[in-house]
Amino acid sequence: DSGVTQTPKHLITATGQRVTLRCSPRSGDLSVYWYQQSLDQGLQFLIQYYNGEERAKGNILERFSAQQFPDLHSELNLSSLELGDSALYFCASSVDPEGLARPEQYFGPGTRLTVT
Amino acid sequence: LAKTTQPISMDSYEGQEVNITCSHNNIATNDYITWYQQFPSQGPRFIIQGYKTKVTNEVASLFIPADRKSSTLSLPRVSLSDTAVYYCLVMAGGFKTIFGAGTRLFVKA
């Protein structure tokens, strides 16, 4: 158990719909990362937040957005869903990406999204 | 960000030592090298991280030569439960983490 929680575990929805995935980081971790993993794309970095502020963006579509709240939990919003958005979505947290050390990321169990 | 190259797959037998090498020719001075393990339908799990020379923990060792253009993850005496995908990453402060395709390790009895 990494200490990172994600809800829901599974989500089935239809094309065109909007969903919200939730992530609670490990206690004390200020940074949250979101990743998408599909069969043909591997693990793709989407976006990173640090203490409520967006810090880095990866291959995140305009239909997707995220935020990190004052209590440090984060939500990933996926809208106008397409079949190709079906994937495992992982959240990870780390202590402080700005420190001298390069801390490891702790991954949650993921949310499996199926778009039908 | 430095791009990493690893073998796509490797086979081994229980009890053997497994060495997975990763090349990262464009590694920057402040980049760290990190390895993760992933089982099917689970999130990646941190294994080990290093900057230079050798790092060892209870799970693995990481060897990094002086030029830092490659690194080798060493798993001592693997078991069937070590069958997984292993990712090498070069991380500069955790920004824009890029996972490569990883190495699929298959451990046979």
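Structure: above.
Treat the numbers as computed from the prediction; the structure is a model and nothing was measured. (Residues numbered from 1 in each chain as written. Chains lettered and ligands numbered in written order. Predicted model: local features only at pLDDT ≥ 70, side-chain atom pairs only at ≥ 80, totals over all residues. Heavy atoms only, no water.)

Overview of the sheet that holds strand β6 (residues 61–64) of chain B
All names here are of chain B. Read from one edge of the open sheet, 4 strands run β2-β7-β6-β5, paired in antiparallel fashion. The outermost strands of the open sheet, each flanked by one partner alone, are β2 (18–23) and β5 (53–56). Sheet twist, expressed as the mean angle between neighbouring strand axes with direction ignored, is 15°. Pairing between β2 and strand β7 (residues 70–75): 6 bridges, direction antiparallel. Bridge pairing in β7 links Ile20 to Leu73. (Pairing = 2+ DSSP bridges. Helix = DSSP H or I, 4+ residues; strand = E, 2+ residues; numbered from the N terminus. Axes fitted to C-alpha atoms, helices over the stretch in contact; angles between N-to-C directions.)

What to know about the state of the cysteines
Two cysteines, two sulfur atoms, one covalent bond between them: this is a disulfide. Residues and elements named next belong to chain A. Tallied over the full model, the rule gives 2 disulfides over all chains. What pairs with Cys23 in a disulfide is Cys91, and their sulfur atoms sit 1.7 Å apart. What sets the handedness of the Cys23 and Cys91 disulfide is the S-S torsion sign, and at about -40° it is left-handed. Here Cys23 is found in strand β3 (residues 19–24), whereas its partner Cys91 is found in strand β9 (residues 87–94), with 68 residues between them in sequence. Overall, Cys23 belongs to the buried group, its relative accessible area being 0%. (Disulfide = S-S within 2.5 Å. Buried < 20%, exposed > 50% of the residue type's maximum accessible area, 1.4 Å probe, protein only.)

Looking at unusual backbone geometry
With an omega dihedral of -10°, the bond running from A:Thr7 to A:Pro8 counts as a cis peptide bond. Residue placement: A:Pro8 occurs in the loop between β1 (5–7) and β2 (10–13). Although it is not a glycine, A:Leu72 sits at a positive phi angle of roughly 80°. Looking at the secondary structure, you find A:Leu72 in the loop between β7 (64–68) and β8 (74–78). The class for A:Leu72 is buried, based on a relative accessible area of 16%. With a phi close to 60°, B:Arg68 is a non-glycine residue in the positive phi region. Within the fold, B:Arg68 resides in the loop between β6 and β7.

As for the sheet that holds β1(A)
Residues and elements named next belong to chain A. Taken in spatial order, the 4 strands make up an open sheet running β1-β3-β8-β7, and their pairing is antiparallel. Lying at the two open borders of the sheet, with one neighbouring strand each, are β1 and β7. Within this sheet the neighbouring strands show an average axis-to-axis angle of 15°, counted without direction. Pairing analysis gives 5 bridges linking β3 to β8, with the strands arranged antiparallel. Counted as the bridge partner of Cys23 is Ser74 from β8.

Examining the layout of surface pockets
Taken as a whole, the largest pocket encloses approximately 600 Å³ of empty space. A:Gln37, A:Leu39, B:Gln38, B:Tyr87 and B:Arg104 are, among the 24 residues lining the largest pocket, the residues nearest its centre. Only β4 (31–38), β5 (42–50) and β9 of chain A together with β8 (84–91) and β9 (103–108) of chain B provide two or more residues apiece to the lining of the largest pocket. With 3 residues, the top contributor of residues to the lining of the largest pocket is β8(B). Looking at the lining of the largest pocket residue by residue, the classes come out as 12 nonpolar, 10 polar and 2 charged. If you add up the space inside the second largest pocket, you get close to 360 Å³. Along the walls of the second largest pocket sit 16 residues, with A:Asp1, A:Ser2, A:Phe107, B:Gly43 and B:Arg45 positioned nearest its centre. Put simply, the parts of the chain that give the lining of the second largest pocket at least two residues each are β10 (106–107) of chain A together with β4 (45–50) of chain B. In the lining of the second largest pocket, the residues fall into 7 nonpolar, 6 polar and 3 charged. (1 Å grid on protein atoms, 1.4 Å probe; cavity = no way out; pocket = protein on both sides within 12 Å on 5 of 7 lines; lining within 4 Å. Points joined across faces, edges and corners; volume = space filled by probe spheres on them. Nonpolar A, V, L, I, M, F, W, Y, C, P; charged D, E, K, R; others polar.)

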